[in-house]
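# Coordinate inspection notes
Next come the chains, spelled out residue by residue.
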Amino acid sequence: MQLAKNLYGYIWQGQDNNCNSYLISNCLDQNRHLLIDPGHIKTKGTDEPALELLLKGIQNDGLDPGAIGLTLLTHCHPDHIEAASFFQTRINTKVAIHRAEADIYQQMGGIADLLLDEGDLKLGTQESVLLDIIHSPGHSPGHITIFWPKEKVLIAGDLIFYHSTGRTDLPGGSLAQMKQSIKRVSSLDVDWLLCGHPYGHPGVIQGRDEVKENFQFLSHQMMIEP
Amino acid sequence: MGSQRAKTAFELAMEKVAGMPKLNSEEIKEEHKKESIAKGQAIAQNYLQNIHHKTDIQNEIAAFSPDQEGYGRKSALECLSQALSLTNPQTSRHILDGIAALNPNVSTDAALKRLNNIIDAFQKELAATYVSMEKIEVKRLKKEGISGSAIKPNLKAQNSWQEKQAELTASHTDKLNNFQKSLLPPAMSG
């Protein structure tokens, strides 16, 4: 579904675990798109056709899934990365992941075309979309969040959900780093907080006040020092 | 007609051996040579795996009979010099210490300097090639509309880089091979 101009969200509505995916349209050369976290091909528990649903969702928005030129992975967990190889092998989409998770990604059978570090990502031959890649460890060592300052959009992966956060008990997780990462992004000017899962809420938090309330809730819950 | 005792396996084997033609002196010499070469390799491997110290390998080679000592020493030296590599320089000094222990014409420090020159030249060319290939890839990405400080091509995962790396390694391996030969005594290096 379209969230804003050139911004689309594909909110996971199945029963099994899978992530939300997001898309920024027409931002690369030849009007190709950026996809963030394509998720599972099929869910692990009940074989729900996650990728098929994503592709249908993209088509229903009048976009061509074959025109996805770049896939960013917020982190290297199967429920976020599995379908990346589909786009990479079928339509030659480039796959990018944080440098700290490239080896794990390779061990899981993927090959990253591009390595991410903290910094700016300019998309389009006229550099019409400027994104900030923010290294946000805590849920995993090379977790990133993606900030689009012009549109005040923060794509949070599994750092932040509605009134909750990603797990820190998985390999490479760290509660201390999670608190630091949340503290950093909470200072950003955000109108759209786009979460990696629809846990108890679609995971699309819209509006400056709503986003602020979510950060305040988390800061209080996690005793994050102001 | 008395009952005949069944032969043991040992007795049967000894009968077979007795029936075999005797080795002539040349063949015996060849067998001893093969044995000495295998022992020399084992001595070098034990040193490379830090099971033995350099004084141990000197003693073990010295314990060979005079006519076999040359083969054992040569195979140990060959095995040690083959372990020198362009990509694992942290083991160079240890290996060269072992070589110097078996070949008094080799000085560890002087040999290490020569080897480091070869490795440095390889590493520099490798790094410069990586940078230039990365620049080309960055330009290509920019044309596709992907740029910025957050993104770098993962060149190491690409076939083009792996092929180039193999090509550079091969070209510098020739220099390494010549250096390895120079670590053997002149009579052995042919």
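Residues numbered from 1 in each chain as written. Chains lettered and ligands numbered in written order. Predicted model: local features only at pLDDT ≥ 70, side-chain atom pairs only at ≥ 80, totals over all residues. Heavy atoms only, no water.

### As for the overall build of chain A
Secondary structure summary: chain A contains 6 helices and 15 strands in total. The globule rule puts the C-alpha radius of gyration for 226 residues at 17 Å, and the 16 Å found for chain A is close to it. Per-residue burial over chain A gives 54% buried out of 226 residues. Considering only intrachain contacts with a sequence separation of at least 6, the fraction spanning at least 24 residues in chain A is 55%. Entry remark: accessible area of chain A is about 9900 Å², with carbon and sulfur atoms responsible for 48%. In chain A, 17 side chains carry a positive charge and 27 a negative one; their mean positions are 3 Å apart. (Helix = DSSP H or I, 4+ residues; strand = E, 2+ residues; numbered from the N terminus. Rg over C-alpha atoms; globule rule 2.2 N^0.38 Å. Buried < 20%, exposed > 50% of the residue type's maximum accessible area, 1.4 Å probe, protein only. Contact = heavy atoms within 4.5 Å. Areas by Shrake-Rupley, 256 points an atom, 1.4 Å probe, with all protein chains shown as cover. Lys, Arg positive; Asp, Glu negative; His and termini not counted. Charge placed at Lys NZ, Arg CZ, Asp CG, Glu CD.)

### Quick look at the interface of chain A and chain B
Each partner contributes residues to the interface: chain A has 24 residues there, and chain B has 17 residues. Of the roughly 1600 Å² buried at the junction of chain A and chain B (both faces included), carbon and sulfur atoms supply 51%. Considering only the side of chain A, the residues that lose the most area to chain B are A:Lys94, A:Leu114 and A:Leu115, jointly responsible for 28% of the buried surface there. One salt bridge connects B:Glu144 with A:Lys94, and the closest N-O pair in it is separated by 3.5 Å. Counting across the interface, chain A meets chain B through 10 residue pairs in polar contact (both at pLDDT 80 or more). Listed by contribution, the elements that provide at least two residues to the side of chain A that touches chain B are strand S6 (94–98), strand S7 (114–116) and strand S8 (119–123) of chain A. When residues of the side of chain A that touches chain B are assigned to their parent elements, the largest contribution, 5 residues, is made by S8(A). Tallied by class, the residues present in the side of chain A that touches chain B amount to 11 nonpolar, 3 polar and 10 charged. Pairing geometry for S8(A) and strand S1 (residues 146–147) of chain B, over 2 bridges, is antiparallel. Bridge pairing in S1(B) links A:Lys122 to B:Ser147. (Buried area = accessible area lost by both parts, 1.4 Å probe. Salt bridge = Lys/Arg side-chain N within 4 Å of Asp/Glu carboxyl O. Polar contact = N/O pair within 3.5 Å; in protein donor to acceptor, adjacent residues only side chain to side chain. Nonpolar A, V, L, I, M, F, W, Y, C, P; charged D, E, K, R; others polar. Pairing = 2+ DSSP bridges.)

### Observations regarding the sheet that holds strand S2 (residues 151–153) of chain B
With respect to topology, 8 strands assemble into an open sheet ordered S1(A)-S2(A)-S3(A)-S4(A)-S5(A)-S6(A)-S7(A)-S2(B), the strand pairing being mixed. Of all the strands in the sheet, just strand S1 (2–4) of chain A together with S2 of chain B have a single pairing partner and so form its edges. Between one strand axis and the next, the sheet turns by 25° as a mean value, whatever way the strands run. In this structure, S6(A) lies alongside S7(A), joined through 3 bridges in parallel fashion. Looking at S7(A), one finds that A:Ala96 is bridged to A:Leu114. Running over the sheet, helix H3 (residues 84–91) of chain A touches strand S4 (33–36), strand S5 (68–72) and S6 of chain A and is turned about 150° from S5(A). (Axes fitted to C-alpha atoms, helices over the stretch in contact; angles between N-to-C directions.)

### Thoughts on the nonpolar core
Within the largest apolar cluster, 34 residues are counted, with the highest numbers of intra-cluster contacts made by B:Leu80, B:Leu84, B:Leu96, B:Ile99, B:Phe179 and B:Leu183. For this core, the secondary-structure elements that each account for two or more residues are helix H2 (25–48), helix H3 (54–62), helix H4 (66–82), helix H5 (92–102), helix H6 (108–144) and helix H7 (159–182) of chain B. Per-element accounting of this core gives the leading share, 9 residues, to H6(B). If you count residues domain by domain, this core takes at least three from each of domain 1 (1–83) and domain 2 (107–190) of chain B. When sequence neighbours within four positions are dropped, the list of residues in contact with B:Leu84 reads B:Ser92, B:Ile95, B:Leu96, B:Ile99, B:Leu115, B:Leu176, B:Phe179, B:Gln180 and B:Leu183. If you look at the next biggest cluster of nonpolar residues, it comprises 31 residues, including A:Cys27, A:Leu70, A:Ile146 and A:Ile155. (Core = buried A, V, L, I, M, F, W, Y, C linked by side-chain atoms within 4.5 Å. Domains from an automatic or database assignment.)

### Here we look at the sheet that holds strand S11 (residues 153–157) of chain A
Strands sit in the order S15(A)-S14(A)-S11(A)-S10(A)-S9(A)-S8(A)-S1(B) across an open sheet of 7 strands; the sheet is mixed. The open sheet has two edge strands with one neighbour each: strand S15 (204–206) of chain A together with S1 of chain B. The pairing of strand S10 (residues 144–148) of chain A with S11(A) spans 3 bridges and is classified as antiparallel. Opposite A:Trp148, over in S11(A), you have A:Val153 as the bridge partner.

### Some points on the packing of aromatic side chains
One pair of aromatic rings is described through two measures. These are the centre distance and the angle between the planes. Applying the stated criterion to the full structure yields 3 aromatic pairs over all chains. Centre to centre, the rings of A:Phe86 and A:Phe87 are 5.3 Å apart; their planes meet at 85°, and the pair counts as edge-to-face. Plain terms: the ring middles of A:Phe161 and A:Tyr199 are 4.9 Å apart, the flat faces sit at 75° to each other, and that makes the pair edge-to-face. Placement of A:Phe161 in strand S12 (residues 160–161) and of A:Tyr199 in the loop between strand S14 (192–195) and S15 is noted, with a sequence separation of 38 residues between them. The class for A:Phe161 is buried, based on a relative accessible area of 3%. Above the plane of the ring of B:Phe64 lies B:Lys39, whose end atom (NZ or CZ) is 5.9 Å from the centre. Directly above the aromatic system of B:Tyr130 lies the positively charged group of B:Lys156, at a separation of 5.6 Å from the ring centroid. (Phe/Tyr/Trp six-rings, centres within 6.5 Å; stacked < 30°, edge-to-face > 60°. Lys NZ or Arg CZ within 6 Å of the ring centre and 35° of its normal.)

In short, the description is geometric, and any link to function would need to be established separately.
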